[in-house]
Amino acid sequence: MENQYAIEMLNITKKFPGIIANDNITLQLRKGEIHALLGENGAGKSTLMSVLFGLYQPEEGTIRKDGVEVKIKNPNDANDLGIGMVHQHFKLVECFSVLDNIIMGVEPVKNGFLQKKEAREKVLAISEKYGLRVDPDAIIEDITVGMQQRTEILKMLYRDNEILIFDEPTAVLTPQEIEELMQIMKNLAAEGKSILFISHKLAEIMAVADRCSVLRKGKYIGTVETANTTMEQLSAMMVGRDVNFHVEKKPSVPGEVVLRVENLSVASKRSKEDAVKNVSFCVRRGEIVCIAGIDGNGQTELVYGLTGLEAPSTGTVTLCGKDITRAPIRQRSTSGMSHIPEDRHKHGLVLDYTLEDNMVLQRYFEPEFTSRAGFLRRDNIRAYAQRLIEQYDVRSGQGPITMARSMSGGNQQKAIVAREIDKDPELLVAVQPTRGLDVGAIEYIHKQLVAQRDSGKAVLLVSLELDEVMDVPDRILVMYEGEIVGELDPKTTTQEELGLYMAGAKKDEVKA
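Residues numbered from 1 in each chain as written. Predicted model: local features only at pLDDT ≥ 70, side-chain atom pairs only at ≥ 80, totals over all residues. Heavy atoms only, no water.

Q: Mind showing me how you'd approach the environment of Ser97 here?
A: Its location among the elements puts Ser97 in the loop between strand 6 (83-86) and helix 3 (98-103). In this structure, the C-alpha to C-alpha distance between Ser97 and Thr151, residues 54 residues apart in sequence, is 9.9 Å. (Helix = DSSP H or I, 4+ residues; strand = E, 2+ residues; numbered from the N terminus.)

Q: Whenever I open this one, the environment of Lys447 confuses me. Can you help?
A: Assignment of secondary structure puts Lys447 in helix 15 (residues 439-454). A sequence separation of 199 residues divides Lys447 from Glu248, and the C-alpha atoms of the two residues are 7.9 Å apart.

Q: Got a minute to help me understand the nonpolar core in this structure?
A: Among the nonpolar cores identified, the biggest contains 46 residues, and Phe166, Met185 and Phe197 are the most heavily contacted of them. Apart from residues lying up to four places away in sequence, Met185 is in contact with Ile34, Phe166, Ile195, Phe197 and Val208. Ile288, Ala385, Ala441 and Leu461 belong to the second largest nonpolar core, which has 43 residues in total. (Core = buried A, V, L, I, M, F, W, Y, C linked by side-chain atoms within 4.5 Å. Buried < 20%, exposed > 50% of the residue type's maximum accessible area, 1.4 Å probe, protein only. Contact = heavy atoms within 4.5 Å.)

Q: It is not clear to me how the sheet that holds strand 11 (residues 211-216) should be interpreted in this structure. Could you clarify?
A: Judged by pairing direction, the sheet is mixed, and its six strands sit side by side in the order 6-9-10-3-11-12 without closing on themselves. Each edge of the open sheet carries a strand with a single partner, namely strand 6 and strand 12 (219-225). Adjacent strand axes in the sheet meet at a mean angle of 20 degrees when their direction is disregarded. Sheet analysis places strand 3 (residues 34-39) next to strand 11, joined by five bridges and oriented parallel. (Pairing = 2+ DSSP bridges. Axes fitted to C-alpha atoms, helices over the stretch in contact; angles between N-to-C directions.)

Q: What am I meant to see in unusual backbone geometry here?
A: Residues apart from glycine generally show negative phi values, whereas peptide bonds are mostly found in trans. Its identity is not glycine, yet Asn24 carries a phi of approximately 60 degrees, on the positive side. With respect to the secondary-structure elements, Asn24 resides in strand 2 (residues 19-30). For Asp160, which is not a glycine, the phi torsion comes out positive at approximately 60 degrees. One can find Asp160 in the loop between helix 5 (145-158) and strand 9 (163-167).

Q: Where do I start with empty space enclosed by the protein in this structure?
A: Any empty space left between atoms is shown by rolling a water-sized probe over those atoms. Under the defined criterion, the tally for this structure stands at two cavities of 30 Å³ or more. Estimates place the volume of the largest cavity at around 60 Å³. Taken together, Asp295, Gln299, Thr300, Glu342, Val431, Gln432, Val462, Ser463 and Leu464 form the lining of the largest cavity. A breakdown of the residues in the lining of the largest cavity according to their chemical character gives three nonpolar, four polar and two charged. (1 Å grid on protein atoms, 1.4 Å probe; cavity = no way out; pocket = protein on both sides within 12 Å on 5 of 7 lines; lining within 4 Å. Points joined across faces, edges and corners; volume = space filled by probe spheres on them. Nonpolar A, V, L, I, M, F, W, Y, C, P; charged D, E, K, R; others polar.)

Nothing here speaks to function; it is geometry throughout.
Structure, rendered in structure tokens:
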């Protein structure tokens, strides 16, 4: 009888300094199935997939492909066995074209000359077959994140990979792009590809996966058929307790204005038009205001203008009565603004610093952390970092001295959230604060945002997650093509109405 498993990872153990990332884990992938891998941040999911792809070597355990034991010493071995991987943080050369990235390492050569014409034809044929349309000549840095992900998937398919690993593939996508990706994965499985799908998002797993294996703190918890389980059961397996999917909060009692934005415009880097066009709004003490919208409608540039990452072309930004329109970033920070940034690697962390140094990035100059002579108070910094690590459950192999780069994406995010909230700001600007987090961590972060509100702080939330937009804020401002096109009350609006505003349809036009 033919072996029914495309891949078997048997009794895999992988250790790092201070932590057993994978503790005797067995995972079996059937041929032609979509198999989800679920777990908390730092549960060992990406590590396990990195072992399968040859990026790490396990201390113990064996891997079988089609019933035959194989040794995977590096990604080239994995590719030779038909195993491909789309990483959580894309591995693309930004100044190269889409086509060059797809064929890199397997370039077709004849008599020493690169045969790009036949490579282009193969790429276009694959993209048409699987609905992954891309412009082969576009430069990576000029295309959307969704298009970059399509490029990564085409890299796998160009190499004729049969085993496809998707590591958190939806973490940076818009809802529309997520729907497209789900359909693409189903099409690939229907073609006979076998897919391993790492995700924190239970709804996506229920929608697309045939089976789901759950890891917790490096250990294997179990495998279930998604058709025979519920989101609540999966979340309990993942975090070891019941999770409340609804945000509990009292009615807000708004106070004085903390942030006032008047006639703000911010230039676009992609076109001659402004990305933010004459926007005005305010955020008061004791309320959470959410900026909602489809990605790419000016939210990023608006946040840049508010936090000092970009200078506005016109308009004013006032914080606690002070004009900070042209103030440097440190002055905004010391004046009471905290910022959980959209891109945790680019604007949130110094990846080659330790966790403790990242925790004091914006406060190291304070007397608690620096002596009068200008020397860092290392003991105080470590104690402070240790407190935040414990309070926010930031999982890191070596505690405060862990390098930020070596941590999982979700734990990097938790470290940023801990640092920014602990500054006790007057205004918290939280951009995609739960991106890449598991349900337990999302529940905790939402409670922290509500706690900030209830303590009389102002919170400006920017989110692409519709459930978060509907559940967390007290007011919703919808952005479309750089303008605020509507203000909605989450208690009385619907996702359908919100969607119409996000798509640019005005409420009165919809009624007509």
